[in-house]
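A structural walkthrough
In case you want the letters, here they are:
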Amino acid sequence: MVSGLPAHSEVIVIGGGPAGATAATLVAQHGRSVTLLERERFPRFHVGESLIPETFWVLERLGMLDRMRDSPFVEKHSVQFVNEKGILSEPFYFHDHKPQESSRTWQVVRSEFDEMMLRNAAAQGVDVHEGMRVREVLFDETSGTPRATGVRVQDESGGVCDITADVVVDASGQGSMIMSRLGLRAWDPELKKAAIWTYWKAADRGTGRDEGATIVMQLDDKQGWFWYIPLHDGTVSVGVVAGFDYLFKERTTKDPEAIYFEEVARCPGLQPKIAAAEVAAPIRVAKEYSYRSSTVSGDGWVLVGDAFGFLDPLYSSGLLLALKSGQLAADAVTAALAAGDTSAAKLGAWGPEYIRGLERMRRLVCEFYEGFNFGKFVQRHPHLKGHVTDLLIGDLFNDRVDEIVEPLNAMRREERSRLAGAAATPRG
Ligand SMILES: Cc1cc2nc3c(=O)[nH]c(=O)nc-3n(C[C@H](O)[C@H](O)[C@H](O)COP(=O)(O)OP(=O)(O)OC[C@H]3O[C@@H](n4cnc5c(N)ncnc54)[C@H](O)[C@@H]3O)c2cc1C
């Protein structure tokens, strides 16, 4: 047996990361019983330190803004791009685009941020249990389509028990319990990437409003890019993202550390920044991680955050998507409980709008890997600069930004015919 756990909870949330904490808090704000089960004890390590401005509105609903304003997290005012020659293009300052408080965001040490989110959930009535691993989601399969009815949980000493629920929210991250169990995962065929990263101390930091900028730096052959994210603990998170085959198959060494330093040597923008710095943490790897579930919900269950899908981290969209899906799912769960209808349709009513937003960000990610040049695009279509910046700040959930699609298509067509023309021209 497992002590301290209820036999029934209206809502069970699997996982206490940002998506789970968001969904749980927003449902609990309506007085519903919410039990959150997290296998780790917080604080625990997690990658993904850079927030984007549109997280502001979810943080506001969570009652997290004062905690964030009082936190030591480094303020982030822009994203900056450094090309393959090491040249910095004009930064995207969020405040220049939208002069309001939400345009300032943060670079967070995830162990600290995630713990703040989880403690905030508990303070708002969520029954939080750490050190509790969900072993399986329980389904009633008697009626044809499986309906989630609860979970089987194991505590740290091996005790096991079942808890029933009206709704199970799967926020278990990339392992995604329900997606895996029901075989719903579709890998993104265009984004077969991998990442290798670590943390440096005494690395160069900008000053003033550039101090907390996220810098995206291309490799000299444009095969991939580095992120550069300054953190308040004195370290800078520095990681390379490139094609999986390029990083792990097409070279003699298989050692991630050796590969990482080979790529550092290929990044002209990065070298001056770490000239006097040293590595302060183990080298870590994430492989082939862009995927999406074929659906956001089923009868009695709903997926949020990475448990629904994950997009390449180029524009730091992961936490925004975790918070946003947590919020949208929480509103759907609250409405479903009020209506006494926890069907797939009711719990997933937010799915199409969310996926449209995700697709907009995905398009921008794919364009970058196709060689998209922001400067050139904005020069040619100055009136669309605002839309591009909207996407970069995470304002993805409005149809207005779709005005960039046709000009993007035209630019891509042009680039393809230029490359085809160059290939067909005999060399003199
Ligand atoms: C290389 C890389 C770089 C990234 N960079 C950025 C970035 O700069 N900015 C950004 O916004 N995002 C970034 N991300 C993405 C971001 O980290 C994720 O999108 C975000 O953590 C998703 O939050 P989540 O709550 O869905 O999942 P998680 O944060 O992974 O939380 C899931 C939780 O569920 C728990 N859990 C799992 N299984 C069980 C179980 N069986 N029982 C109980 N608990 C369980 C886990 O312990 C974990 O705490 C990056 C990701 C990668 C891979």
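Residues numbered from 1 in each chain as written. Predicted model: local features only at pLDDT ≥ 70, side-chain atom pairs only at ≥ 80, totals over all residues.

1. Here's the deal with the nonpolar core
If you look at soluble globular proteins, the nonpolar side chains tend to sit buried side by side. Of all hydrophobic cores here, the largest spans 116 residues; its most connected members are Ala23, Val169, Val302 and Val333. No other element matches the 11 residues that helix α10 (residues 318–339) contributes to this core. If sequence neighbours within four positions are ignored, Val169 has contacts with Val11, Val13, Ile14, Gly20, Ala23, Val302, Val304, Ala329 and Val333. (Core = buried A, V, L, I, M, F, W, Y, C linked by C-beta atoms within 7 Å. Buried ≥ 20, exposed ≤ 12 C-beta atoms within 10 Å, placed from the backbone. Helix = DSSP H or I, 4+ residues; strand = E, 2+ residues; numbered from the N terminus. Contact = placed C-beta atoms within 7 Å.)

2. Focus on the packing of helix α2 (residues 55–62) against α10
At a minimum axis separation of 9 Å, α2 and α10 run at an interaxial angle of 45°. As summarised for this structure, α2 and α10 are arranged oblique, according to the angle between their axes. The two elements α2 and α10 cross, and the hand of that crossing is left-handed. Of the residues in α10, those in contact with Thr55, Val58 and Arg61 of α2 are Leu319, Leu320, Leu323, Lys324 and Gln327. Residues belonging to the contact of α2 with α10 are distributed by class as follows: four nonpolar, two polar and two charged. (Axes fitted to C-alpha atoms, helices over the stretch in contact; angles between N-to-C directions. Parallel < 35°, antiparallel > 145°, perpendicular 65-115°, else oblique. Left-handed = near helix turned anticlockwise from the far one by under 90°. Nonpolar A, V, L, I, M, F, W, Y, C, P; charged D, E, K, R; others polar.)

3. Thoughts on the sheet that holds strand β18 (residues 291–293)
One open sheet holds the three strands; their spatial order is β11-β18-β21, and the pairing between them is antiparallel. Each edge of the open sheet is held by one strand with a lone partner, namely β11 (185–187) and β21 (309–310). In this sheet, β21 lies alongside β18 in antiparallel orientation, the contact comprising two bridges. Bridging across to β21, Tyr291 finds its partner in Phe310. (Pairing = 2+ DSSP bridges.)

4. A short note on the domain arrangement of the protein chain
Segmenting the protein chain into domains produces domain 1 (8–73 + 109–187 + 292–353), domain 2 (193–287) and domain 3 (370–423). Relative placement of domain 2 and domain 3: their C-alpha centres are 27 Å apart. (Domains from an automatic or database assignment.)

5. Brief notes about the site of the ligand
Taken together, the neighbourhood of the ligand is formed by 36 residues, with Gly15, Gly17, Gly48, Gly305 and Gly318 sitting nearest. Those elements that provide at least two residues to the shell around the ligand are α1 (18–28), β2 (34–38), β8 (133–140) and α10. A per-class count over the shell around the ligand returns 16 nonpolar, 14 polar and six charged. Two domains share the shell around the ligand, each providing at least three of its residues, namely domain 1 (8–73 + 109–187 + 292–353) and domain 2 (193–287). (Near = placed C-beta within 6 Å.)

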